[in-house]
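Residues per chain are reported as follows:
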Amino acid sequence: MKAITEAVIRDELRDSVPEVYTVPKGKLLSPAAREYLNQLQVEIAYEGKEIPKRVNDLKENTPSKQPHKMEAPDRPASSKDVDIPVKFKYIDDETGAGYMVKPEHMTGLRGNILVDKSHPVIKYRGKLDKLQADIVCAQVQISAVENCKGVIDDLQDILSIVRELMLCDVMDKPFERETIIGMSHKELRERSHAPEKFYEVKYMQLPEHTMGLTFALLNMLRAEAREVELAAVEAYKDGRKTLRPDVIEEWNRMSSALHVMMMKYQHGDYK
């Protein structure tokens, strides 16, 4: 026996919603299809079987001069009588389907627009969330080990920028900050690419455990910022272009800022 799926129902009822949905003989409704019809307050009938009692009651209580019109006191008139589209609480970004209840495998993109939780933008937000948590943990550990106020303050500046980037994504706003840890993008790039000139530190020096906990934590956050940058590129990719060059540039400089912090720490600038 062939089942009628939720997708089939959504397609059939895209333009109008009836009082009763009749299941053809020899078919049945999938559980998801049945739940969807219940959300729309649509009665379910089966071809060849008795019409549901609530529908019969509606027919009996309908004035005789309008035998074709059925209205229930707890819901608006049927779309057969007036052409009023159903107003769904949520909209599927990919298919345009409407939902009254948010499916568990989906989440909000912006406003009432839903996407799968595996969507690139949602993955990017997850990386953002993880980086924020790790920055706070690093601040706690650094404070406990050597209470290096300069490092903690610079990490607080980076944390505020990461939170602003999250807000810019959710609200679809432009990113407007021009400095990170007190330096412009140009200054960060120059210092990151010429550490010997600015900090008397060898270029591309590999971290070692002997460099201490603070240095190791900064390096971990630098590597994580690179991962978030890659997730942002995937989230905003539009063919060979990006939809958010402002955000991508900020993430590129974010890893540079953390690299500069590592070199400043080695040089003793935070003491």
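Quick notes on the rules
- Residues numbered from 1 in each chain as written.
- Predicted model: local features only at pLDDT ≥ 70, side-chain atom pairs only at ≥ 80, totals over all residues.
- Heavy atoms only, no water.
- Pairing = 2+ DSSP bridges.
- Helix = DSSP H or I, 4+ residues; strand = E, 2+ residues; numbered from the N terminus.
- Phe/Tyr/Trp six-rings, centres within 6.5 Å; stacked < 30°, edge-to-face > 60°.
- Buried < 20%, exposed > 50% of the residue type's maximum accessible area, 1.4 Å probe, protein only.
- Lys NZ or Arg CZ within 6 Å of the ring centre and 35° of its normal.
- Contact = heavy atoms within 4.5 Å.
- Core = buried A, V, L, I, M, F, W, Y, C linked by side-chain atoms within 4.5 Å.
- Patch = residues over 30% accessible without salt bridge, like charges linked within 9 Å, V, L, I, M, F, W, Y side chains within 5 Å.
- Areas by Shrake-Rupley, 256 points an atom, 1.4 Å probe, with all protein chains shown as cover.
- Salt bridge = Lys/Arg side-chain N within 4 Å of Asp/Glu carboxyl O.

### A look at the sheet that holds strand 7 (residues 106-110)
- The strand order across the open sheet built from four strands is 6-5-8-7, with neighbouring strands paired in mixed fashion. Two strands lie at the open edges of the sheet, namely strand 6 (98-99) and strand 7, each paired on one side alone.
- With two bridges joining them, strand 5 (residues 90-92) and strand 8 (residues 113-116) adopt parallel strand pairing. Residue pairing for strand 8: Ile-91 is matched across the bridge by Ile-113.

### A look at the packing of aromatic side chains
- The tally for this structure, following the rule as stated, stands at two aromatic pairs.
- An angle of 65° between the planes, with centres 5.7 Å apart, marks the rings of Tyr-124 and Tyr-236 as edge-to-face. A residue pair is termed long-range when its members are at least 10 positions apart, and Tyr-124 in helix 4 (residues 120-145) and Tyr-236 in the loop between helix 8 (213-235) and strand 11 (237-238) qualify at 112 residues.
- Classification of Tyr-124 by relative accessible area gives buried; the value is 0%.
- Taken together, a centroid distance of 6.4 Å and an interplanar angle of 45° make the contact between Phe-198 and Tyr-199 tilted.
- With relative accessibility at 28%, the residue Phe-198 sits in the partly exposed group.
- The exposure class of Tyr-199 is buried, given its relative accessible area of 5%.
- The positively charged end of Arg-10 is found above the aromatic ring belonging to Tyr-99, 4.0 Å away from the centroid.
- Across from the ring centre of Tyr-236, 5.9 Å away, lies the NZ or CZ of Arg-244, which sits over that ring.

### As for the side chain of Asp-169
- Mapped onto the elements, Asp-169 comes out in helix 5 (residues 149-171).
- Leaving out residues up to four positions away in the same chain, Asp-169 has contacts with Arg-110, Val-121, Tyr-124, Arg-125 and Tyr-236.

### Side note on the nonpolar core
- In this structure, Tyr-124, Leu-155 and Trp-251 are the most contacted members of the largest nonpolar core, which totals 51 residues.
- Taken together, the elements giving at least two residues each to this core come down to helix 4, helix 5, helix 8 and helix 9 (245-267).
- Among the elements that make up this core, the one with the highest residue count is helix 9 (eleven residues).
- Ignoring any residue separated from it by four or fewer positions in sequence, one finds Leu-155 in contact with Ile-135, Ala-138, Gln-139, Ile-142, Leu-218, Leu-221, Leu-258 and Met-261.
- Listed in part, the 14 residues of the second largest apolar core include Ile-9, Val-17, Leu-40 and Phe-88.

### Some words on the pairing of strand 7
- Two strands pair when backbone bridges link them, and strand 7 and strand 8 are joined in this way by four bridges, in the antiparallel orientation. By the bridge assignment for strand 8, Thr-107 is matched with Val-115.
- Connecting the antiparallel pair strand 7 and strand 8 is a turn made up of two residues, with Gly-111 showing a positive phi of about 60°.

### Concerning a nonpolar patch on the surface
- On the surface, Leu-167, Val-170 and Met-171 cluster together to form a nonpolar patch covering roughly 260 Å² of accessible area.
- Its place among the elements puts Met-171 in helix 5.

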